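So the chains spell out like this:
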Amino acid sequence: MVVAGSVGVKKTARIVYLTLVATASSIGLSACQSDPDIDITKLSGETESADTLYNQGLANLQAGKVGEANRKFAAVDRQNPFSDQARKALVMSAFTSYRQGQYEEAITAGKRYLNLYPESQDAAYAQYIIGLAYWKQIPSVTQDQRTSQQTLEAMKAVVDNYPNSEYVEDAQAKMRFARDQLAGKEMQIGRYYLERKEFIAAVSRFRVVVETYPMTNQIEEALARLVETYYAMGLASEAQTAAAVLGHNYPDSQWYADSYKLLQSKGLEPRENNGSWISRAGKKLIGA
């Protein structure tokens, strides 16, 4: 009896379904006959208002359904591109794309938002999302650091353009991390050249760290490597200057202890030559 009843219900539902399909098809065909530009494949598309779609997106986001939220926000932008909800949905699309790990999509949405609404109250957030999307893609220091540079530039735009926003503090932290990565990459290449005794190439890399990234966690080693490299090149004055700048700013550093020991092995000691580029660069470190 249960099975028969189930079959009867299914048969009835099937008849109702076919009736509805036939009715919809009749309406669709009638519409097509009167308006040849209507695409009948889109007749069953979403017809919710911009408000409804946007609120559905927020509800899905709150429920943890990030992908569905993203689709709702995209529908707002697609169906109501000039509405206030579309503006809000666009920045939310950037956020939900970021949350899903779709970083290029997040960057594209964020940049589009800034192009369309550069003066809006959410512009700072859109710029911050762009920075976060780049930051999430930063690889290990052994790999290309293009995204570190992009992170630095994007987060600098947050700090410079929106100095009173709530995102500044974290943007500055991400900038420090990006600079450390960029400096770390220079150090990796510099050490490679030093090991191969390509001293001029090594110096150029360590110099970039000292002059461009003086406030990173790579600076002590960079100065110490300059002592080592200049010493190997027979440029005692430059080696002594690098050691003096290192000792003046980081007297308790193990890198300074090692540099001091290296100089002493040849009867030398740290001594600053004020005409050296190292001395000029070192003045930026005073009080670091």
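The model shown is predicted, which means the values in this text are computed figures rather than measured ones.

Their axes nearest at 10 Å, the elements helix α2 (residues 50–62) and helix α4 (residues 84–99) cross at an angle of 25 degrees. Classed by the angle they form, the pair α2 and α4 counts as roughly parallel. α4 is crossed by α2, and the crossing has left-handed handedness. Contact residues: A50, D51, Y54, L58 and L61 in α2; Q85, K88, A89, M92, F95 and T96 in α4. Across the contact of α2 with α4, the residue classes tally to seven nonpolar, two polar and two charged.

Turning our attention to the side chain of S148. Among the structural elements, S148 can be located in helix α7 (residues 146–161). You can call S148 buried: its relative accessible area is 0%. Apart from the residues within four sequence positions on either side, S148 is in contact with I138, A178, Q181 and L182.

Next up on the list: the side chain of T216. Within the secondary structure layout, T216 lies in the loop between α9 (199–212) and α10 (219–233). Judged by relative accessible area, T216 falls into the buried class, the value being 8%. The contacts of T216, once residues within four sequence positions are left out, are R179, D180, A183 and V209.

Under the 1.5 Å per step criterion, the end-to-end length of α10 is 21 Å for 15 residues, consistent within 8% with the ideal 21 Å. Among the residues of α10, those classed as buried are I219, E221, A222, L223, A224, R225, L226, V227, T229 and Y230. Structurally, α10 contributes buried residues whose contacts are with α8 (168–195), α9, α11 (236–249), α12 (254–264) and α13 (277–282). Directly beyond the C-terminal end of α10, a positive phi value near 80 degrees is found at G234.

For any pair of aromatic rings, the description consists of the separation of the ring centres together with the inter-plane angle of the planes. Inspection of the entire model under this criterion finds eight aromatic pairs. Seen in terms of ring centroids, Y113 and Y117 are 5.1 Å apart; in terms of plane orientation they differ by 50 degrees. Their pairing is tilted. Judged by relative accessible area, Y113 falls into the buried class, the value being 0%. Of the aromatic side chains, those joined through ring pairs into one cluster are F95, Y125, Y128 and Y167. Across from the ring centre of W135, 4.3 Å away, lies the NZ or CZ of K174, which sits over that ring.

Right, let's get into the pattern of salt bridges. Overall, the coordinates contain 14 salt bridges when judged by the stated rule. A salt bridge links R71 to E68; the shortest N-O distance between them is 3.0 Å. Here R71 and its partner E68 are both found in helix α3 (residues 66–79), three residues apart, which amounts to about one turn of the helix. In this structure R71 comes out as exposed when scored by relative accessible area, which is 51%. Look at E68 and you get partly exposed, because its relative accessible area is 27%.

With that settled, the discussion passes to unusual backbone geometry. Of note in this structure, K197 is not a glycine but carries a positive phi near 60 degrees. The topology assignment puts K197 in the loop between α8 and α9.

For N217, the position within the fold is in the loop between α9 and α10. N217 gets classed as exposed once you look at its relative accessible area, which sits at 57%. For the pair formed by N217 and A183, sequence separation is 34 residues and the distance between their alpha carbons is 8.3 Å. A distance of 3.1 Å separates polar atoms of two side chains, one belonging to N217 and the other to Q218.

The rules behind each value
- Residues numbered from 1 in each chain as written.
- Predicted model: local features only at pLDDT ≥ 70, side-chain atom pairs only at ≥ 80, totals over all residues.
- Heavy atoms only, no water.
- Axes fitted to C-alpha atoms, helices over the stretch in contact; angles between N-to-C directions.
- Helix = DSSP H or I, 4+ residues; strand = E, 2+ residues; numbered from the N terminus.
- Parallel < 35°, antiparallel > 145°, perpendicular 65-115°, else oblique.
- Left-handed = near helix turned anticlockwise from the far one by under 90°.
- Contact = heavy atoms within 4.5 Å.
- Nonpolar A, V, L, I, M, F, W, Y, C, P; charged D, E, K, R; others polar.
- Buried < 20%, exposed > 50% of the residue type's maximum accessible area, 1.4 Å probe, protein only.
- Expected span 1.5 Å × (residues − 1).
- Phe/Tyr/Trp six-rings, centres within 6.5 Å; stacked < 30°, edge-to-face > 60°.
- Lys NZ or Arg CZ within 6 Å of the ring centre and 35° of its normal.
- Salt bridge = Lys/Arg side-chain N within 4 Å of Asp/Glu carboxyl O.
- Polar contact = N/O pair within 3.5 Å; in protein donor to acceptor, adjacent residues only side chain to side chain.

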